[in-house]
Each structure stands twice: as structure tokens, then as C-alpha cells.
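Residue strings, one per chain:
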Protein chains: 2
Amino acid sequence: MVRSELANSGAAPKIPRPATLRESVFEAILELIINGSLSPGRHLAESDLAELLGVSRQPVREALQMLNGEGWVDLRPGHGAFVHAPTVQEADQLLAVRSLLETESARLAALNREADGVARLRELCARGLSALEADDIETSVAANSDLHALVTELSGNKVLAELASQVSRRVRWYHTPVARQRGRASWEEHELLIDAIEAGDETRAAQIMRDHTEHTRSSYLDQRTSQPDGADEPEAPATRRRRPRSLSPS
Amino acid sequence: MVRSELANSGAAPKIPRPATLRESVFEAILELIINGSLSPGRHLAESDLAELLGVSRQPVREALQMLNGEGWVDLRPGHGAFVHAPTVQEADQLLAVRSLLETESARLAALNREADGVARLRELCARGLSALEADDIETSVAANSDLHALVTELSGNKVLAELASQVSRRVRWYHTPVARQRGRASWEEHELLIDAIEAGDETRAAQIMRDHTEHTRSSYLDQRTSQPDGADEPEAPATRRRRPRSLSPS
DNA sequence: GAACTGTATACTGTAGGCAGTCGACGACAG
DNA sequence: CTGTCGTCGACTGCCTACAGTATACAGTTC
């Protein structure tokens, strides 16, 4: 009796299942990659990471495989895992594909013209703008991301949204600095986009999104070619690095 | 002296590394899924697959994770792995995204206009046509696949090609029957496409590819809606199925 | 000094084991 | 008969161990 009442009441949320270790390790390693602690090309020894994170090799191995699936890490059989080292060309291609996917998403979102979704877009836009004016760059960048993700969601094509999410995640560290620079211009474009979506003008929505994302792409390229720092030079294939023999376990 | 000369000669190919077990297991399970031996929604117990394939659970576990990354398998922590059960809607979305990616690939291929690539396309087209005339459906279907893959390669955008490959892999079991039905019409469209690519006519190449892949999509939908077999009804979430107690180990 | 060989061991891929969770099924009460 | 509870064991997540491979380094030869 008591149990059936609880099940029906909807008042008691289910106890959330604790995150598996592999998920936690995934997030931990990803954070290390994104914040630069683990630099591109670096060899990732399972046992080192396991020791660092206080787990066994197994969840590390699984996390590395997940990271590989999302393009953050390259797995080479027999050699192990290496932080993915993107080239300028690859970044360019990723940004081009992102543009393609988000342009189509915007077009479909305008076709679908979902009133609730448009309201949510406007809310995100307002949040981004006020964060910008408060000089809160971090919130502004996050709102930017969320807005783009919502557009792909409003496309109504889940496969498209998933691919866009996958690509978006990988370009994160390319387009964030650009978004910072563009500031207000970026948000004005978002507003125009939302207008077009609301109006159901698929051609216009697509055109705005194409221009918007294409601008990010060319700005990134400008940035990279004006600051040649050799970080993207073709390097010799990284190998797994055995810890030097004389290194004492510290 | 001897060693440095051997490294430079390029005459001796390197011994290819044997595939890891996880890769072999991945392919084996994928084949079982594609040929229907492992039906959508089915629970995949690591230990059963390990016994079936004669390996330990570990490479099975890793293969399942790879399969999850490509959308063939759903992993639920605590419950295990289940063959992904696509809905008609999802198939539709996949085919739509495939159309988007391949249309853009064709456009870029026409922009790039690579003579060697065009020659390879024509060769594949000839192979497909002659296989069709010899009633060799299998070779015809394979050539069809290869031709599409080559177009994405000729786009020059590796990220795009990879995503297209990922999507193409997943739609394989949707569009193959359609390709069978369309036969000659399909190959005529391929010829027109190649002409457009060779001529560097990006607009025309894109249009032909869009129509071609869109045709596959609508043919698939026609087929599914004309044969409602309930296979795509929303089902209760599959759970991990403990082997019944009375089942004797056979 | 450069090139090569041999050795030691760090590291990867895989196998096997353990503890906790989940689901089938039997027992029992109403 | 239906519903509930408890038991059992299949199964998952993670740990540990082993075998083979890759790399660092020392020693030797030219």
C-alpha cells in the first residue's frame, strides 16, 4: 500500500545511480586535456592515470576509449593513448562541418517553428547579452553554446543534433576565443536568427546561421595564420614514452 | 649503414600489426547485428558473447563500447548492453543526415575536381553497371557503397568523410534493399553525378546527389509505411535478462 | 662518434576473480 | 488466484595478474 502510493505520487524521485568510475575518469581526463595539463600529442599511460586518479587501470582504459570516440584521444594498438593533436586544417574542417550541420539545423528549426523553443532561445539570448554587459565572459560563452545546442535540438532531427553535439564538443577550444572577441556582434546575429526562426523563414535562418558560423571559421583561421607559433607543425608520430629508468618513484 | 639504407628504400613493406581482439570482436558482433542474428532490443551479456567468440570478457566489453560509440548498441550502467532498436523516425533522420553530408561532399568534390578521383569514380560505376547486368546484386551493392564513400573522400574534408562514413554505416541496413530495387536508375544517376563532378559544376553535383539520396529516403519510407509489421512499435525498455533458472547449459 | 646488439623493465592487451546489483522464481499469506 | 517477500545466481563494474611488445640504456664494434 505504502509502496504503491509512493510509486504513484511522483513525489519521491528515484535514487540516482552513482556515476560509474569510467564516467568520472572520462570527465577528469577531459578536464585535464581542456585545461592544457595534458598537452596535445602527449602519451597517456593507463597506469599513470590510474595512479593519479586512485582507481585501477580498467576504468581508465574504458574512459580513454570513450575519449577516443569523441576525438579527444587517439588510441594506437600496442602504443597506447595520446592526446589528440589537432592541425589547423582539421580545425578548419571541423568548423566547416559544424557550419553545415548548424545551418541545416537552423533551417529545420525555422520549418518546425516551435513557439516554446523560440521562447527558450530568446531567454538564452537575453542571458548572454546581460552577461556580456556585466563582463561575465564565462556565462556569455556558456549561453552561446547552449543557444547553438538548442537550435540543433529544435531541428527535430535527433541524429543531426547528436552529430552537431559531437562536432561542437570538439571545436569548443577553437571557437571560444573567437566568440570572446566578437562579443556583441555575435549576439546581434543570434537575435536575427531567432527572428527568422520565429517567422518560419527557413532560407533566411539558414543564411544567417551559415554566415554566423562561417565567420567563426574565418576568424579562427585569421587568428591562426597571424600567429604562427609552430604548435601545428607536422610532428613526428608520437610514441609511447617509457618512464626513464633513472626516475625514482616520487 | 645497413639500417639507414633499409629505412630509406621503401621497398620492404612493414609487417602489419595483427588486429586486436577487441577489433575482431567488434566486427563479429557488428556482423551478427547486421545480419539479424542479434535482433534490435536484445540484451547482450558480455559473458555469453565471450563464450560464443572464444575470448575473455575484456575485449567483448571494449568492443561493446565501440559499438555503443557508433550507435549500434546502447549501454546502460548496471543493466548492460542492448542492441540498438531504431525506429522508423530514426531511420528517416539518419537518411536525411546522410543526404545532407553526401550532398555537401558531392559539392566539394566538384569544387576540387580531382582527375584521378573522377577516373576512380568512373571505374566503380562501370563495375556496378556490369555487375547489375550480370545479375550480381552483391557486387553491385558493394560498388554502390564504394562509390558513395569515394565521393565523400573526394570532398577533401576528412572530418566530413568520417561523419559520412559513420552515418553510412548505420543506414546500411535501410538503404540496401532500396538500392536493389532501383537498379539501373541508380547507376544512371551516378553517371550524371560523375559528369557534374568532372565538369566542376558544384551546384549540379549537389542537386543530383540530393535528389539521389532523397529518393532513397522516400523509397525507404514508402516501404516501411506500406508494410506495417509492428516491428517499430514503441516497446517497454528492455532489461537485462537473467538466463532462466531451468535453462540447462547446452 | 655512429651504429648495432643485448638486457631490463615499463607498458599494453587480455584473462580470470571478486563484490555488489538485478531479475527470475519459489514460498507463503490473504 | 493474486500480491508480496526472500532467495539464488546471472550479470556488471572493477580489480589483479600474466604474457608479449615497445622503449631506454649500457656495452661493444667499427
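Look up: the structure comes first, before these words.
Everything numeric in this text was worked out from a predicted model, so none of it was measured. (Residues numbered from 1 in each chain as written. Chains lettered and ligands numbered in written order. Predicted model: local features only at pLDDT ≥ 70, side-chain atom pairs only at ≥ 80, totals over all residues. Heavy atoms only, no water.)

> What's the story with the overall build of chain A in this structure? I'm lost.
The helix and strand tally for chain A stands at 10 helices and 3 strands. If you list the helices and strands of chain A from N to C, you get α-α-β-α-α-β-β-α-α-α-α-α-α. Residue pairs at least 24 apart in sequence account for 76% of intrachain contacts in chain A once pairs closer than 6 positions are excluded. Per element, the accessible surface of chain A, about 13900 Å² overall, is 51% carbon and sulfur. (Helix = DSSP H or I, 4+ residues; strand = E, 2+ residues; numbered from the N terminus. Contact = heavy atoms within 4.5 Å. Areas by Shrake-Rupley, 256 points an atom, 1.4 Å probe, with all protein chains shown as cover.)

> How should the sheet that holds strand β2 (residues 73-76) of chain B be read in this particular structure?
Strands in a sheet are paired, the pairing made by backbone hydrogen bonds, and the direction either parallel or antiparallel. Residue and element names in this part refer to chain B. Spatial strand order, β1-β3-β2: 3 strands in an open sheet with antiparallel pairing. Two strands lie at the open edges of the sheet, namely β1 (43-44) and β2, each paired on one side alone. Pairing geometry for β2 and strand β3 (residues 80-83), over 4 bridges, is antiparallel. Within β3, the residue paired with V73 across the bridge is V83. Most of the contacts of helix α4 (residues 57-69) go to β2, to which it runs at about 115°, and overall it touches β1, β2 and β3. (Pairing = 2+ DSSP bridges. Axes fitted to C-alpha atoms, helices over the stretch in contact; angles between N-to-C directions.)

> In this structure, what is going on with the packing of helix α5 (residues 88-112) of chain A against helix α7 (residues 137-154) of chain A? I would like to understand it.
Angle between the axes and distance between the axes are the two parameters that describe a pair of packed helices. Residue and element names in this part refer to chain A. At their nearest, the axes of α5 and α7 sit 7 Å apart, and the two run at 60° to each other. With respect to α7, the axis of α5 lies oblique. Between α5 and α7 the crossing geometry is left-handed. Listed contacts from α7 to R98, E102, S105, A106, L108, A109 and N112 of α5 are H148, V151, T152 and L154. The residue makeup of the contact of α5 with α7, split by class, is 5 nonpolar, 4 polar and 2 charged. (Parallel < 35°, antiparallel > 145°, perpendicular 65-115°, else oblique. Left-handed = near helix turned anticlockwise from the far one by under 90°. Nonpolar A, V, L, I, M, F, W, Y, C, P; charged D, E, K, R; others polar.)

> In this structure, what is going on with the relation of the copies chain B and chain A? I would like to understand it.
Copies of the same chain, two in number, are related to each other by a rotation about an axis and a translation along it. The two copies are related by a screw motion: chain B maps onto chain A through a turn of 180° and a shift of 0.2 Å along the axis, at an RMSD of 0.3 Å. The operation mapping one copy onto its partner corresponds to a two-fold rotation axis. When C-alpha distances to the rotation axis are compared across chain B, the minimum falls at G69 of chain B, with a value of 3.0 Å. Most of the interface of chain B is mirrored in chain A, where 100% of its interface residues again form contacts. (Least-squares fit on C-alpha atoms with pLDDT ≥ 70 in both.)

> What exactly am I supposed to notice about the pairing of β3 of chain B here?
Within a regular strand, side chains alternate between the sheet's two faces. Residue and element names in this part refer to chain B. Two strands pair when backbone bridges link them, and β1 and β3 are joined in this way by 2 bridges, in the antiparallel orientation. For H43, the partnering residue across the bridge sits in β3 and is F82. Between β2 and the antiparallel strand that follows it, β3, lie 3 residues; G78 among them carries a positive phi value of about 90°.

> Explanation requested: helix α9 (residues 184-198) of chain A in the structure shown.
For the α-helix, the turn length of 3.6 residues means that residues three or four positions removed from each other point alike. All names here are of chain A. For α9, built from 15 residues, the straight-helix expectation of 21 Å at 1.5 Å per residue is met to within 8% by its first-to-last C-alpha distance of 21 Å. Restricting attention to buried positions, one finds in α9 the residues S186, W187, H190, L193, I194, A196 and I197. Trailing α9 by a residue or two, G200 shows a phi angle of about 70°, which is positive. (Expected span 1.5 Å × (residues − 1). Buried < 20%, exposed > 50% of the residue type's maximum accessible area, 1.4 Å probe, protein only.)

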